[in-house]
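Take a look at the letters that make up each chain.
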2 protein chains.
Amino acid sequence: MRWISDNDILIVGLGLMGGSYAKRLRSLGYHVEAIDTRPEAITYAVEHGIIDCGYTEPTEDAIRRAGVLIFAVYPHVFVDWIRQWGHLIRWGAMVTDVTGVKSGIVEEVQQLLPAGVEFIASHPMAGREVYGVENADDRIFRDANYIVVPTDKNTLEGIEWSKELGRLLGFARISVLSPEEHDRMIGFVSQLTHVIAVALMTCSDSTHLVDYTGDSFRDLTRIARINDAMWSELFLMNKAPLLEQMDTFIDEMHTLRGMLEAEDKEGLREKMRLSTARRALFNK
Amino acid sequence: MRWISDNDILIVGLGLMGGSYAKRLRSLGYHVEAIDTRPEAITYAVEHGIIDCGYTEPTEDAIRRAGVLIFAVYPHVFVDWIRQWGHLIRWGAMVTDVTGVKSGIVEEVQQLLPAGVEFIASHPMAGREVYGVENADDRIFRDANYIVVPTDKNTLEGIEWSKELGRLLGFARISVLSPEEHDRMIGFVSQLTHVIAVALMTCSDSTHLVDYTGDSFRDLTRIARINDAMWSELFLMNKAPLLEQMDTFIDEMHTLRGMLEAEDKEGLREKMRLSTARRALFNK
């Protein structure tokens with residue numbers, strides 16, 4: 001198991017997610033370095049003991065020293081970085097990421113990397129509506145899902161390594177999906193829900209209703225505070241699966257609308273009973 | 001202020017809401033009686049000190065004794081009850097309710113009641129996904145909204161009385177809306193959100209995704225566990241305002257779908273920025 005050797009860990013992108021990875025891994029005794037273009041992020045992380053040391057741009061030394069590289073940057077930044085610096089990663093190193101969409105990007109990164117470097121994609125399904133290493137908090141992993149997303153280029157050892165990383169980070173559940181399965185799933189449980197939350201805030205000016213919102217409205221729109229640069233990129237990367245999920249949902253809204261219009265009380269009740277039964281399975 | 005006299009309180013319908021009202025009011029020292037068709041509800045409430053005494057059907061004595069009557073039953077049950085028993089309510093008594101839709105029902109109840117009895121409608125915007133007096137908990141009122149919904153038949157004293165009841169119950173915010181304003185607002189912040197949550201659960205069979213749902217999906221579907229008898233009744237009572245809100249929301253989903261289809265990244269980002277700015281106002 002490669003975790004047993006004391007390889008240095010290099011985290012590229014020290015935001016909320018990179019910072020939370022760093023915090024957890026350093027607290028477990030690993031040597032953790034980081035690269036982030038924001039000098040304040042590096043300074044903050046060093047001062048607060050989140051990383052051992054950091055850089056505001058890639059350096060050959062830091063890259064060559066790392067036995068584990070974790071990318072917590074925007075998808076297009078990730079691919080560009082690998083294209084420019086990937087050849088410096090040493091033989092035997094493990095590379096992983098936190099990207100929320102997998103098809104396309106995983107295969108491209110695997111092709112770009114030099115022989116002897118294994119990229120095993122993963123998606124930590126954790127997040128908050130706050131940004132930056134200043135909000136890093138490894139408790140966001142508790143109760144959350146960690147998904148390993150291998151392709152046929154990955155080794156069994158690589159998959160086991162990724163699962164072990166998920167366990168070390170403290171995730172509650174670890175599972176394995178193909179890139180296509182992952183993207184279809186994420187289109188539904190994450191992206192569609194974000195589209196709905198945004199639509200609920202933008203469909204009409206509700207600001208005069210602020211005093212009247214109860215838990216329901218707040219719950220449905222919590223994720224409507226959204227990093228527009230990141231999420232628009234993720235939506236476009238997952239265009240086809242997300243469009244399909246949106247169409248399914250819009251169709252169902254039309255069906256419910258038709259039932260209300262026709263005063264089909266029994267039809268509405270049947271939908272509500274189905275919804276109640278399904279949702280009960282998700283409770284914890 | 002009528003609260004100062006030691007009138008008995010009679011709660012009709014001892015479910016989650018009626019039970020939570022009873023618990024709070026009795027803890028403040030009021031004498032609280034209740035009527036509920038479920039003998040177990042009455043027995044439980046007496047044994048747990050939630051009410052002083054209770055009945056499984058309306059009795060002339062109990063009704064005549066009450067200076068305050070609070071109806072926490074289904075809308076159609078409320079109107080039928082008043083039609084059958086309303087004439088027994090004594091001169092000077094105050095009547096209120098917890099019904100989630102107001103137009104139509106408020107005017108009807110006011111017409112049915114005898115002279116000298118004032119019905120002031122109110123809507124406590126609190127609830128849980130559990131039912132029955134066994135789950136009664138007056139902490140559900142904290143942080144929640146209490147809406148007084150007067151008509152031109154109500155007196156200023158009646159409106160003040162209702163606000164005072166909201167304060168006694170421990171609501172964080174108390175406001176006053178007309179029945180029409182109330183129903184339009186509730187169509188958006190409460191009913192539309194419940195329709196969306198139901199649609200998200202019923203649009204496709206997601207039960208195999210239970211392991212992959214994060215906070216977003218759970219938040220958006222928490223209210224998808226829904227009392228189908230009550231909510232279908234509320235939806236139909238508020239048909240026109242709810243249809244209007246659903247159409248506005250469905251239109252916006254179509255707009256966002258079109259932007260994704262056309263890969264209009266800037267359009268999507270603009271929507272996300274608007275959503276983020278608006279949602280920030282709702283934060284607390």
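Computed from a predicted structure; not experimentally measured.

*Asks:* If you had to explain the pairing of strand β8 (residues 145-149) of chain B to someone new, which residues and values would you point to?
*Replies:* Sheet faces and side chains relate simply in a regular strand, where the side chains alternate between the two faces. Residues and elements named next belong to chain B. Counting buried residues in β8 gives 5 out of 5 residues, a clear majority hidden from the surface. The two faces of β8 match: N145, I147 and V149 on one face and Y146 and V148 on the other face are all buried. Alignment of β8 against strand β9 (residues 173-176), held across 4 bridges, turns out to be parallel. Bridge pairing in β9 places Y146 opposite I174. Traced from β8 through helix α6 (residues 156-169) to β9, the parallel crossover comes out right-handed.

*Asks:* Before we move on, can you summarise the nonpolar core with the specific residues and values?
*Replies:* The biggest cluster of nonpolar side chains holds 130 residues, and the ones touching the most others in it are F249 and M253 of chain A together with F249 and M253 of chain B. Contacts of F249 of chain A, omitting those with residues within four sequence positions, involve L192 and I196 of chain A together with I196, A199, L200, C203, F249 and M253 of chain B.

*Asks:* How would you explain a negative patch on the surface if you had to name every residue and give the values?
*Replies:* Residues and elements named next belong to chain A. Taken together, the side chains of E107, D152, E180 and E181 define an acidic patch exposed on the protein surface. Relative to the helices and strands, D152 is located in the loop between β8 (145-149) and α6 (156-169). Classification of D152 by relative accessible area gives exposed; the value is 74%.

*Asks:* Tell me about the packing of helix α4 (residues 75-85) of chain A against helix α5 (residues 105-112) of chain A, and name the residues and values.
*Replies:* Residues and elements named next belong to chain A. With their axes 9 Å apart at the nearest point, α4 and α5 run at an angle of 15° to one another. Considering the angle they form, α4 stands roughly parallel to α5. The way α4 lies across α5 gives a crossing that is left-handed. Contacts between α4 and α5 involve P75, F78, V79, I82 and R83 from the former and I105, E108, V109 and L112 from the latter. Partitioning the contact of α4 with α5 into residue classes produces 7 nonpolar, no polar and 2 charged.

*Asks:* Give a description of unusual backbone geometry that names residues and reports values.
*Replies:* Residue and element names in this part refer to chain A. One non-glycine residue, D143, lies in the positive phi region at around 75°. Secondary-structure assignment places D143 in the loop between β7 (121-125) and β8. Positive phi is not limited to glycine here, since E263 has a value of about 55°. Position of E263 relative to the elements: it lies in the loop between α10 (239-261) and α11 (265-281).

*Asks:* Help me get a handle on the sheet that holds β7 of chain A, residues and values and all.
*Replies:* All names here are of chain A. What the 3 strands build is an open sheet, ordered β7-β8-β9; its pairing is mixed. On the outer flanks of this sheet lie β7 and β9 (173-176), each paired with one strand and no other. With strand direction ignored, the average angle separating the axes of adjacent strands in the sheet is 20°. This element, α6, spans β7, β8 and β9 of the sheet and lies at about 165° to β8.

*Asks:* Explain the relation of the copies chain A and chain B to me, and be specific about the residues and the numbers.
*Replies:* Turning chain A through 180° and shifting it by 0.0 Å along the axis lays it on chain B, with an RMSD of 0.0 Å. This pairing of chains is accounted for by a two-fold axis. Looking at the rotation axis and the C-alpha trace of chain A, the residue lying nearest is L220 of chain A, at 2.3 Å. Of the interface residues in chain A, 100% have counterparts in chain B that sit at the interface too, so the contact is made through matching surfaces.

*Asks:* Hey, could you go over the sheet that holds strand β1 (residues 8-12) of chain A for me, with residue numbers and the actual values?
*Replies:* All names here are of chain A. The parallel open sheet is built from 6 strands, whose spatial order is β3-β2-β1-β4-β5-β6. Each having just a single partner strand, β3 (53-55) and β6 (118-119) make up the two edges of the open sheet. Two elements, β1 and strand β4 (residues 66-71), share 5 bridges in a ladder whose sense is parallel. The residue bridging D8 from the neighbouring strand is A66, located in β4. The strands touched by α4 are β1, β2 (32-35), β4, β5 (94-97) and β6; relative to β4, the strand with the most contacts, the crossing angle is about 150°. Sheet strands touched by α6: β4, β5 and β6. Its angle to β5, the strand with the most contacts, is close to 55°.

*Asks:* So what about the confidence of the model for chain A? Which residues, and what values?
*Replies:* Residues and elements named next belong to chain A. Of all residues in chain A, 98% have pLDDT values of 70 or greater, and the mean over the chain is 93. Per-element confidence in chain A ranges from a low mean pLDDT of 89 for helix α8 (residues 215-221) to a high of 98 for α10. At the level of chain-chain contacts, confidence expressed as ipTM amounts to 0.86, with global pTM at 0.85.

*Asks:* Outline the environment of V98 of chain A, supporting the account with residue identities and numerical values.
*Replies:* Residue and element names in this part refer to chain A. As for its position among the elements, V98 is in the loop between β5 and α5. Assessed through its relative accessible area of 15%, V98 is described here as buried. Each C-alpha atom, one on V98 and one on I159, is 15 Å from the other, the two residues being 61 residues apart in sequence. Discounting chain neighbours no more than four positions away, the residues touching V98 are M17, Y21, F71, A72, S122, H123 and P124.

*Asks:* Go over the interface of chain A and chain B, please, and point to the residues and values.
*Replies:* Taken residue by residue, the interface counts 82 residues in chain A and 82 residues in chain B. Taking both sides of the interface into account, the surface hidden between chain A and chain B amounts to around 8,800 Å²; carbon and sulfur atoms contribute 69%. When the buried area of chain A at its contact with chain B is split by residue, Y212, R279 and F282 of chain A rank highest and sum to 9% of it. At the boundary of chain A and chain B, one finds 12 salt bridges. In this structure, the salt-bridge partner of R257 of chain A is D247 of chain B, at a minimum N-O distance of 2.5 Å. Between chain A and chain B we count 34 residue pairs in polar contact (both at pLDDT 80 or more) in total.

Definitions and limits used
Residues numbered from 1 in each chain as written. Chains lettered and ligands numbered in written order. Predicted model: local features only at pLDDT ≥ 70, side-chain atom pairs only at ≥ 80, totals over all residues. Heavy atoms only, no water. Buried < 20%, exposed > 50% of the residue type's maximum accessible area, 1.4 Å probe, protein only. Helix = DSSP H or I, 4+ residues; strand = E, 2+ residues; numbered from the N terminus. Pairing = 2+ DSSP bridges. Right-handed = clockwise from strand over helix to strand, strands pointing away. Core = buried A, V, L, I, M, F, W, Y, C linked by side-chain atoms within 4.5 Å. Contact = heavy atoms within 4.5 Å. Patch = residues over 30% accessible without salt bridge, like charges linked within 9 Å, V, L, I, M, F, W, Y side chains within 5 Å. Areas by Shrake-Rupley, 256 points an atom, 1.4 Å probe, with all protein chains shown as cover. Salt bridge = Lys/Arg side-chain N within 4 Å of Asp/Glu carboxyl O. Lys, Arg positive; Asp, Glu negative; His and termini not counted. Charge placed at Lys NZ, Arg CZ, Asp CG, Glu CD. Axes fitted to C-alpha atoms, helices over the stretch in contact; angles between N-to-C directions. Parallel < 35°, antiparallel > 145°, perpendicular 65-115°, else oblique. Left-handed = near helix turned anticlockwise from the far one by under 90°. Nonpolar A, V, L, I, M, F, W, Y, C, P; charged D, E, K, R; others polar. Least-squares fit on C-alpha atoms with pLDDT ≥ 70 in both. pLDDT = per-residue confidence, 0-100. Buried area = accessible area lost by both parts, 1.4 Å probe. Polar contact = N/O pair within 3.5 Å; in protein donor to acceptor, adjacent residues only side chain to side chain.

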